Amino acid sequence: MQAKNPQAEAAFKAISSAQGQYSLTGLPAGAYDLSVKMPGFRFAPFVKPGVALESSQNLRIDIRLPDGNLGTLGDDPFSDLAFIRARVERLSGPVPRTADRKPDLSGLWIGNDDPFPEDAAALPWAAALFRERVQNNMKHIPRTHCLPAGVLPTGPFFRKFVQTPGLLLMINDNDVLGFRQIFLDGRGHPKDLNPTWNGHAIGRWEGDTLVVDVAGFNDRSWLGFYPHTEQLHITERYRRRDFGHLEVQVIAEDPGTLVKPWKLNMVWNLAPEEEILEYVCGENNTDVQHLVGK
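Now for a quick tour of the structure. Given the structure is predicted, the values throughout are model-derived calculations rather than measurements.

## With respect to the overall build of the protein chain
Helix and strand content of the protein chain: two helices and 13 strands. Going through the 294 residues of the protein chain one by one, you find that 39% of them count as buried. For the protein chain, the share of sequence-separated contacts (at least 6 apart) that also reach a separation of at least 24 residues comes to 58%. When the accessible area of the protein chain is evaluated, it comes to approximately 16500 Å², of which 52% is carbon and sulfur surface.

This is the structure:
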């Protein structure tokens, strides 16, 4: 969770205990926006703006996170991943390596979002569209029309990595067009990139970190809940810090949408006993008519 003072541009962060208790200390007097983002609950994060704090005051705030996307118990399968995550969190050991001594990123990973995500510094038109999409319960997200939903590797999904010397293949669970190819054979981007939903990805090693450069996006997919233009450029960094944990950093740059680069930092968990399941996006989707928004 995070308490942010917009006027002072100061942010204080904490992670709750297993019992759900949290404590933020050392905050000067002022007005704070309190926010919590937790997988397995509603996609839209909890936000309580304008929490007034006086000098030397001890303030207690009890936070309830609603279940599911639409508030119905059991309508969000991501909550099941919390049990798997708890089981594999302590997996450790040396980093596996390939025959050429590169870190082997192969395996099935549980994606975890940035626990303290920074707000995207969006241009006014993009910020306005972001607010409209949230108010409408993301009714028009491309996924509801069986189209690729987003360009960021975020969300509590399973992702299976299959690494070879010249190619890293990512197979995504519960996502439309659930695969990505990252070329590791030294090629560059094509001179005339044909814009696509997922862009064109090439990777290179910097020590034990795989740096992935992605360009050539169309402007129909979503950047989180924000729009983006064909100027979008994404840099991803993957570092397997031990057997069971993968550090992931994502930097999105788009001068047509963002004032400055948008950075996200995540740690994913290895889930060796799990497997990718079949995902089918059926035609005649009846979900859209229920996402009425406000």
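Now that the structure has been shown, the text picks up again.
## A look at the nonpolar core
Ranked by internal contacts, the top residues of the largest apolar core, which has 33 residues, are Leu152, Phe161, Leu223, Ile234, Tyr238 and Trp262. Of all the elements, strand 13 (residues 262–270) adds the most residues to this core, at five residues. Filtering out sequence-adjacent residues up to four positions away, Phe161 remains in contact with Leu105, Ser106, Gly107, Trp109, Leu168, Leu169, Met170, Tyr238, Leu246 and Trp268. Residues Ile84, Val88, Phe158 and Ile276 belong to the second largest nonpolar core, which totals eight residues.

## Examining the pairing of strand 2 (residues 10–13)
Across four bridges, strand 1 (residues 2–5) lies against strand 2 in antiparallel orientation. In the strand pairing of strand 2, Ala3 is matched with Phe12.

## Considering the side chain of Asn269
Tracing the chain through its elements places Asn269 in strand 13. Polar side-chain contacts of Asn269 include one of 2.7 Å to the side chain of Asn112. Beyond its immediate chain neighbours, meaning those up to four positions away, Asn269 contacts Arg85, Val88, Glu89, Leu108, Trp109, Ile110, Asn112, Gly244 and His245.

## Observations regarding unusual backbone geometry
The backbone phi angle of Asn137 is positive, close to 55°, even though this residue is not glycine. Within the element layout of this structure, Asn137 appears in the loop between helix 2 (124–135) and strand 6 (158–163). Taking the relative accessible area as the measure of exposure, Asn137 reaches 36% and is therefore partly exposed. One non-glycine residue, Met138, adopts positive backbone phi at about 55°. For Met138, the location among the structural elements is in the loop between helix 2 and strand 6.

## Regarding the sheet that holds strand 2
Note: strands within a sheet are paired through backbone hydrogen bonds, in either parallel or antiparallel orientation. In spatial order, the strands read 2-1-3-4; together these four strands make up an open sheet with antiparallel pairing. Two strands in the sheet have a free side with no partner beyond their single neighbour: strand 2 and strand 4 (46–53). With strand direction ignored, the average angle separating the axes of adjacent strands in the sheet is 25°. Both strand 3 (residues 30–36) and strand 4 contribute to a ladder of six bridges, which runs antiparallel. Note on strand 4: the bridge partner recorded for Gly30 is Leu53.

## Concerning the pairing of strand 11 (residues 233–242)
By the bridge criterion, five bridges tie strand 10 (residues 209–215) to strand 11 in an arrangement that is antiparallel. Bridged to Asp213 within strand 11 is Thr235. With nine bridges joining them, strand 11 and strand 12 (residues 245–253) adopt antiparallel strand pairing. Within the sheet, the bridge partner assigned to Thr235 lies in strand 12 and is Ile251. Counted between consecutive antiparallel strands, the loop separating strand 11 from strand 12 contains two residues.

## Considerations on the pattern of salt bridges
Two side chains with opposite charge may pair up if their charged atoms get near one another. Summed over the entire model, instances satisfying the criterion amount to eleven salt bridges. Put simply, Asp62 and Arg60 hold a salt bridge, and the shortest N to O gap is 3.2 Å. Residue classification places Asp62 among the exposed positions, given a relative accessible area of 60%. Linking Glu247 and Arg241 is a salt bridge whose minimum nitrogen-to-oxygen distance equals 3.7 Å.

## Comments concerning the environment of Gly26
Relative to the assigned elements, Gly26 resides in the loop between strand 2 and strand 3. Overall, Gly26 belongs to the exposed group, its relative accessible area being 66%.

## Observations regarding the packing of aromatic side chains
Within a pair of aromatic rings, the relevant descriptors are the distance that separates the centres and the angle that separates the planes. This structure, assessed with the given rule, holds seven aromatic pairs. For the ring pair Phe12 and Tyr32, a centre distance of 6.3 Å and an interplane angle of 70° mean the geometry is edge-to-face. Of this pair, Phe12 sits in strand 2 while Tyr32 sits in strand 3, and the two are 20 residues apart along the sequence. The class for Tyr32 is buried, based on a relative accessible area of 4%. Here the aromatic rings of Phe161 and Trp268 are separated by 6.2 Å at their centres, their planes lie at 80°, and the arrangement is edge-to-face. Of this pair, Phe161 sits in strand 6 while Trp268 sits in strand 13; the two residues are 107 residues apart in sequence, bridging distant segments of the chain.

So, how was this worked out
- Residues numbered from 1 in each chain as written.
- Predicted model: local features only at pLDDT ≥ 70, side-chain atom pairs only at ≥ 80, totals over all residues.
- Heavy atoms only, no water.
- Helix = DSSP H or I, 4+ residues; strand = E, 2+ residues; numbered from the N terminus.
- Buried < 20%, exposed > 50% of the residue type's maximum accessible area, 1.4 Å probe, protein only.
- Contact = heavy atoms within 4.5 Å.
- Areas by Shrake-Rupley, 256 points an atom, 1.4 Å probe, with all protein chains shown as cover.
- Core = buried A, V, L, I, M, F, W, Y, C linked by side-chain atoms within 4.5 Å.
- Pairing = 2+ DSSP bridges.
- Polar contact = N/O pair within 3.5 Å; in protein donor to acceptor, adjacent residues only side chain to side chain.
- Axes fitted to C-alpha atoms, helices over the stretch in contact; angles between N-to-C directions.
- Salt bridge = Lys/Arg side-chain N within 4 Å of Asp/Glu carboxyl O.
- Phe/Tyr/Trp six-rings, centres within 6.5 Å; stacked < 30°, edge-to-face > 60°.

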